Each structure stands twice: as structure tokens, then as C-alpha cells.
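# Per-entry structural report
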Amino acid sequence: MNPITTRSLIGPLAALGILFAASTALAGDDGARAGNTPKERLARGEVVISTKKVAGSDIPSMKAMAVIDAPAERLWKIVDDCANYKKTMPRIVASEEVSRKGNKVRCKTTLEMPFPLDNLTATTEATLTVQPGKQFKRAWTLVEGDFKRNTGSWTLLPYEDGKKTLAIYEVHAEPNIAVPDAIQKAAQRKSVPQLFERLRKQVEEK
């Protein structure tokens, strides 16, 4: 998503990912304990999060995944529609599809940040890979905006015979400003789960 700290959001969640990426790993370290492997956590409906160091950056990359009780095609309609991120994604106050040519989509989004931070804005270009029944993927890179780096992807994979979706969100976003520890911790505790929960509500209730 979503999916985070002074001026905006991704291909689906460019800026949101900032704080996501700044978080420490929530999963994987304790996978050896019974009932706590990533697969078992996914089965319980949890959002499984992990991070990885990136050479030359103080902010790690982040990977979050969860099982959503809806077909991938239904979820893809939200992930692919960046013009409506302000309605479908948490804390996005402005979103625009700048252009779409073939499988290339350019979007501009703005993420609302808490006072006294400025909002974050980014223009990203995404490459779409659509393979019905196999995967739907949206991978973006930074064109311009309030970031030094901003790359990531949404990957939607059919799960349990296609009745559900394994949604995977990956991002490495580094803003042009320092990210306060308090905001990083808030993202770890709340923002990532909220991003997936919001997506669940939009597709599972239909």
C-alpha cells in the first residue's frame, strides 16, 4: 500500500511504503515456533511483514503479504486504478492517472502526513503484467517527487483455487527528508495492517 513521512504515495502506495519500509521486520524471525510460520499466520488472516537492508540506503526495503478473501481479478480493479487511490487507499488526499500507454501507467499521488510534516507527493511509472489465472502485477519506479528512491510492486496471486488472493506488497521508498522514529513505529503497528484491511473491506463485502 499501505502502502510512510513529509510530502506522498505509490504506484498504489509510493509514499505509504516509506514508513512501511522503515519498519522493522514483524515476521520471519519467530517462524520456527509452532503455529507461527508465515503460512500459518497467513491462514489466520494476519499480515506478514519482513524487511531487508538496501545497499547505500538507511531505509530498508519492505515486503508485506496477506490472504484476501476475493478473486485476484476483483482486487486488481482497485490496485490498477490509481486515479481513485484517494478513495481506495489510506491517507491519500490526491491521486491522478497522468498517462496510460500499453502496459505503462504513470500516476501522481499525494499522501497526507501528520502535523508538522508536509505531505509527500510522487509521480511514478508502473509496468503492468496481467496473466489471468496466474498473476497480476504492478511494478513502479520513481519519475519525480519528494523522494530519493521509490520503487515497489503489488503482486496478486490466485490462492485456494482462485477463490482467494495472496496479495504481496513490496516497496523501497526513501523521502528527501528525515523520517521521525515515532512515525516509523506508527507505520509498523498500524499503517500496514490498515492498508490490507481497507482492501479486504472493499472486495470481500461485494
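Here the structure is shown first, and the text comes after it.
These notes cover the structure that comes with them. Values in this document were obtained by computation on a predicted structure and should not be read as measured data.

This paragraph deals with the overall build of the chain. If you tally the helices and strands in the chain, you get 5 helices and 8 strands. For the chain, the proportion of its 206 residues judged to be buried stands at 49%. Accessible surface for the chain amounts to roughly 9800 Å². Of this, 48% is attributable to carbon and sulfur atoms.

What follows deals with helix H3 (residues 72-79). Along an α-helix, residues three or four apart share an orientation, since each turn contains 3.6 residues. Taken together, the buried positions of H3 are Ala72, Leu75, Trp76, Ile78 and Val79. Across the axial projection of H3, the buried residues extend over an arc of 155°, all falling on one side.

The 8 strands are arranged E1-E2-E8-E7-E6-E5-E4-E3 in an open sheet whose pairing can be described as antiparallel. The two strands at the open ends of the sheet, each matched to only one other strand, are strand E1 (48-52) and strand E3 (92-101). Across the sheet, the mean angle from the axis of one strand to that of its neighbour is 20°, orientation sign disregarded. Against the sheet, H3 touches strand E2 (61-68), strand E5 (120-131), strand E6 (135-145), strand E7 (147-159) and strand E8 (164-175), its axis set at about 10° to E6.

Right, let's talk about the pattern of salt bridges for a bit. On inspection of all chains with the given rule, the structure shows 9 salt bridges. The closest approach of N and O atoms between aspartate 80 and arginine 100, which form a salt bridge, is 3.3 Å. A residue pair is termed long-range when its members are at least 10 positions apart, and aspartate 80 in the loop between H3 and helix H4 (85-88) and arginine 100 in strand E3 qualify at 20 residues. Relative accessible area serves as the criterion here: at 36%, arginine 100 is assigned to the partly exposed category.

Rules of the game
- Residues numbered from 1 in each chain as written.
- Predicted model: local features only at pLDDT ≥ 70, side-chain atom pairs only at ≥ 80, totals over all residues.
- Heavy atoms only, no water.
- Helix = DSSP H or I, 4+ residues; strand = E, 2+ residues; numbered from the N terminus.
- Buried < 20%, exposed > 50% of the residue type's maximum accessible area, 1.4 Å probe, protein only.
- Areas by Shrake-Rupley, 256 points an atom, 1.4 Å probe, with all protein chains shown as cover.
- Arc of directions from axis to C-beta.
- Pairing = 2+ DSSP bridges.
- Axes fitted to C-alpha atoms, helices over the stretch in contact; angles between N-to-C directions.
- Contact = heavy atoms within 4.5 Å.
- Salt bridge = Lys/Arg side-chain N within 4 Å of Asp/Glu carboxyl O.

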